[in-house]
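# Results of the structural survey
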Amino acid sequence: MKMSNLFVQTLREFPSDAEVISHKMLARAGYIRKLTSGVYNYLPLMWRVLRKVETIVRDEMDKAGAQELLMPFVQPKELWMESGRWEAYGKELMRLTDRHNREMCLGPTHEEIITAIARDVLKSYKQLPTNLYQIQSKFRDEVRPRFGLLRGREFIMKDAYSFATSQEDLEKEYKNMAQAYTNIFKRCGLDTKMVQSDSGAIGGSVSHEFMVITDTDAGENDVFYCECDYAANSNHAVSNLPDAVVDGSNFFDTAKVIDTPSTHTIEQLAEFLSIPSTIILKSLVYIVDKKPVIALIRADKTVEETKLMNAVGGMDIRIATSAEIEELMQQNGFDAVPGFIGPKGIKNITIIADNTVKNMKNFVVGVNQTDKHMVGANLSDLDISDLKYEDLRLVEAGEYCPQCGKSLKVTRGIEVGNIFQLGTKYSKPMNAVYLDADGKAKPYIMGCYGIGISRTAAAAVEAHHDEWGIKWPLAIAPYHAIVIPVSTKDETQLKVATELYEKLLSNGVEVVIDDRDERPGVKFKDADLIGFPFKITVGKTISEGLVEFVVREDGEKIQLTPDEAVQVIVEAVKRNQA
Ligand code: ATP
Ligand code: MG
């Protein structure tokens, strides 16, 4: 490819709406252009990268025994009614109506469609287990599309679905997929950590995410991990506390309600009473699927919203507004303002306590009276009927690993893949059954396995760049190499460069020659920004028979003969493809 023909326009500046490095670099280097919020054009350079990621994914999926198919992007409402997700999926599901008033949606994921295919085709246990996958654009009307390809509304995903007759076979396939994922990301030049995670809108009980670890804002997940092999997303992580049991009896020996004027926050209350926040019981009001829920937790700890949402079996959660809290107070005959509320005397509402509450004695708690709290309280003083305990707590670094007891550490991660054991979550409600050896109809035991193709490419940029541009891993670079004649007006330089280019081409190297009549500085900048793994510059030293050879990854420059340069690149490309 000649640079003069390459469909690319590099920009002088990063686009103003780009917050993270992959978005900045991919836009500036001419890989993507935004069409509308969260929707991008993949220009030729980007498409080459995406196709390479797809090729690696296909190769590993096929090797693992899965078969590729392609399902429609537009899906009918009926199947989503069968699974129960038409209501449950929420606003991320992009719904539309056709000219006959039939309701449809744009596929955010394909469990319903594949399950409907399976029940038509996989009628006997003899056809199982099997695993089917596709690579396709998905649409999710994300609340906050941001970070370019990392969180788009339209994005490319590989999604696979397995069908088995037993939990044992499901687990076997789950392991098989975990291994395929590890191979895929490694081949894409990415180090990933496999972490336990919440199953979210996809469902099921066991799931793991593959995280690219980063210390930047691009990592939207907190990952807690330990020296042992424990690693979990914050929405799923658990820990043991160094100070599990807390007793306020040094401060208060009997339960009584006292004045605590203007103590609206935990800090103000702790300061006013000169007590540690560990002996305060915090009562928080959330709205889960439009209904209020009260969560109780030791006040120095934080509620993890996904855990709370799962504890009440909800799909959507947010903290209640002051107005909603006041309404709740009124319904229960109180007029306390936020900061003074508590579980005592609250009726007909789910109240869930975090496990920390079990170990609190003689604590301080709001009792729905403004400017007052009860001190020296115990749970028996609060008259809560039917209190449920769950783990609702957000883990903090330094707390103890649930597996080995050592201190947990925290880092950030970009989720590039996610695998789920679904069990019968879809097959049961959709009546997707096969005939077993005993002649009985049974629902498939399913698994599903996703990889964000476009997110993986962007994550590779997050992991591999410097201030000058992208440093593509060789396996997914749009081109392997660039040849730059410093001056296209210099006949020898142009001739040697052209010969080099042709030799590389004929040896299977994907190469660009920068034939533009531009200043050398411009050409070098573009080459670094676009991120060719290898660069050969043909300049003045050609009079001594030498060219300059640079590996983008480490920036090291060496002088080689043209033939040596070709050999190094050809060998590297072959090694990488092997
Ligand atoms: P997230 O938690 O980041 O919103 P998710 O858990 O909802 O993602 P899955 O349903 O697990 O996503 O989808 C499988 C894979 O698809 C993810 O692991 C991720 O790589 C990719 N993916 C999901 N949402 C997006 C998006 N908005 N933009 C780009 N890739 C995405
Ligand atoms: Mg996920």
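Residues numbered from 1 in each chain as written. Chains lettered and ligands numbered in written order. Predicted model: local features only at pLDDT ≥ 70, side-chain atom pairs only at ≥ 80, totals over all residues. Heavy atoms only, no water.

## Looking at the sheet that holds strand β33 (residues 557-560)
- Here five strands make up an open sheet; going across it, the order is β30-β29-β31-β32-β33 and the pairing mixed. The open sheet is flanked by β30 (511-513) and β33, the only strands paired with a single partner. Shown here is a sheet whose adjacent strand axes are inclined to one another by a mean of 20°, direction ignored.
- Relative to β33, strand β32 (residues 547-551) runs antiparallel, the two sharing four bridges. When the sheet's bridge partners are listed, Val550 is paired in β33 with Lys557.
- Each of β29 (481-485) and β31 (534-538) is contacted by helix α12 (residues 520-530), which is oriented at about 175° to β29, the strand it contacts most.
- Against the sheet, helix α13 (residues 562-577) engages β29, β31, β32 and β33, with an angle of about 20° to β32. (Pairing = 2+ DSSP bridges. Helix = DSSP H or I, 4+ residues; strand = E, 2+ residues; numbered from the N terminus. Axes fitted to C-alpha atoms, helices over the stretch in contact; angles between N-to-C directions. Contact = heavy atoms within 4.5 Å.)

## A look at the pattern of salt bridges
- This model, assessed by the stated rule, comprises 41 salt bridges.
- With a closest N to O distance of 3.9 Å, Lys301 and Glu396 form a salt bridge. Of this pair, Lys301 sits in the loop between β16 (291-298) and α8 (305-311) while Glu396 sits in the loop between β22 (388-390) and β23 (409-423), placing them 95 residues apart in sequence.
- The class for Lys301 is buried, based on a relative accessible area of 8%.
- We classify Glu396 as partly exposed; its relative accessible area is 31%.
- Close ionic contact of Asp438 with Lys442 constitutes a salt bridge, the shortest N to O distance being 3.0 Å.
- Of the residues examined, Asp438 reaches a relative accessible area of 45% and is grouped as partly exposed.
- The partly exposed category is assigned to Lys442, whose relative accessible area is 25%.
- Residues joined in a network through salt bridges with shared partners are Asp243, Arg298, Asp300, Lys301, Arg393, Glu396 and Glu399. (Salt bridge = Lys/Arg side-chain N within 4 Å of Asp/Glu carboxyl O. Buried < 20%, exposed > 50% of the residue type's maximum accessible area, 1.4 Å probe, protein only.)

## Observations concerning the pairing of strand β6 (residues 103-106)
- Where strand β4 (residues 74-76) meets β6, three bridges bridge the pair, whose relative direction is antiparallel. Bridge pairing in β6 links Gln75 to Cys105.
- In this structure, strand β5 (residues 95-97) lies alongside β6, joined through three bridges in antiparallel fashion. The partner of Leu96 across the bridge, within β6, is Met104.
- The turn joining β5 and β6, which pair antiparallel and follow one another in sequence, is formed by five residues; a positive phi near 65° is taken by Asn101.

## What about the site of ligand 1?
- In the region of ligand 1, 16 residues are neighbours, and Arg140, Glu142, Arg151, Gly152 and Glu415 sit closest.
- A distance of 2.6 Å separates an oxygen atom of ligand 1 from a polar side-chain atom of Glu415.
- One nitrogen or oxygen atom from the main chain of Val416 is found 3.0 Å from an oxygen atom belonging to ligand 1.
- Protein contact buries 87% of the 580 Å² of open area that ligand 1 shows by itself.
- Every element with two or more residues in the shell around ligand 1 is listed here: β8 (154-164) and β23.
- Here the shell around ligand 1 takes five residues from β23, the largest share from any one element.
- Split by residue class, the shell around ligand 1 holds seven nonpolar, four polar and five charged. (Near = heavy atom within 4 Å. Polar contact = N/O pair within 3.5 Å; in protein donor to acceptor, adjacent residues only side chain to side chain. Areas by Shrake-Rupley, 256 points an atom, 1.4 Å probe, with all protein chains shown as cover. Nonpolar A, V, L, I, M, F, W, Y, C, P; charged D, E, K, R; others polar.)

## Thoughts on the pairing of strand β20 (residues 363-366)
- Every second residue of β20 is oriented toward a common face, with Phe363 and Val365 on one face and Val364 and Gly366 on the other, all of them buried.
- Relative to β20, strand β15 (residues 280-288) runs parallel, the two sharing two bridges. Counterpart to Ile280 in the pairing with β20 is Val364.
- Strand direction decides the pairing type here: β20 and strand β21 (residues 372-377), joined by three bridges, are antiparallel. Among the inter-strand pairings, Phe363 is bridged to a residue of β21, identified as Ala377.
- In textbook terms, the turn of a hairpin is the stretch between consecutive antiparallel strands, and for β20 and β21 this stretch comprises five residues, one of which, Asn368, has a positive phi near 65°.

## So, the packing of aromatic side chains
- Counting across every chain of the model gives nine aromatic pairs.
- Aromatic pair Tyr434 and Tyr444: ring centres 5.9 Å apart, planes at 20°, arrangement stacked. Taken together, the positions of Tyr434 in strand β24 (residues 433-435) and Tyr444 in the loop between β25 (441-443) and β26 (445-452) put the pair 10 residues apart, joining distant regions of the chain.
- Given a relative accessible area of 2%, Tyr434 falls into the buried group.
- With a relative accessible area of 0%, Tyr444 lands in the buried category.
- Feature note: the residues Phe163, Tyr434 and Tyr444 constitute an aromatic cluster, connected by ring pairs. (Phe/Tyr/Trp six-rings, centres within 6.5 Å; stacked < 30°, edge-to-face > 60°.)

## Some thoughts on the state of the cysteines
- Following the criterion strictly, the structure yields zero disulfides and no others.
- Cysteine Cys226 shares no disulfide, and the gap to the nearest cysteine sulfur, in Cys404, comes to 3.4 Å.
- We classify Cys226 as buried; its relative accessible area is 6%.
- Left unpaired, Cys448 is separated from the closest cysteine sulfur, that of Cys105, by 16 Å.
- Judged by relative accessible area, Cys448 falls into the buried class, the value being 3%. (Disulfide = S-S within 2.5 Å.)

## Focus: the environment of Leu382
- Looking at the secondary structure, you find Leu382 in the loop between β21 and β22.
- In this structure Leu382 comes out as buried when scored by relative accessible area, which is 0%.
- When the C-alpha positions of Leu382 and Ile346 are compared, they lie 9.8 Å apart, and in sequence the two are 36 residues distant.
- Here Leu382 is in contact with Pro343, Lys344, Gly345, Phe363 and Val365, once residues within four sequence places are set aside.

Interpretation note: all reported values are geometric properties and have no functional meaning in isolation.
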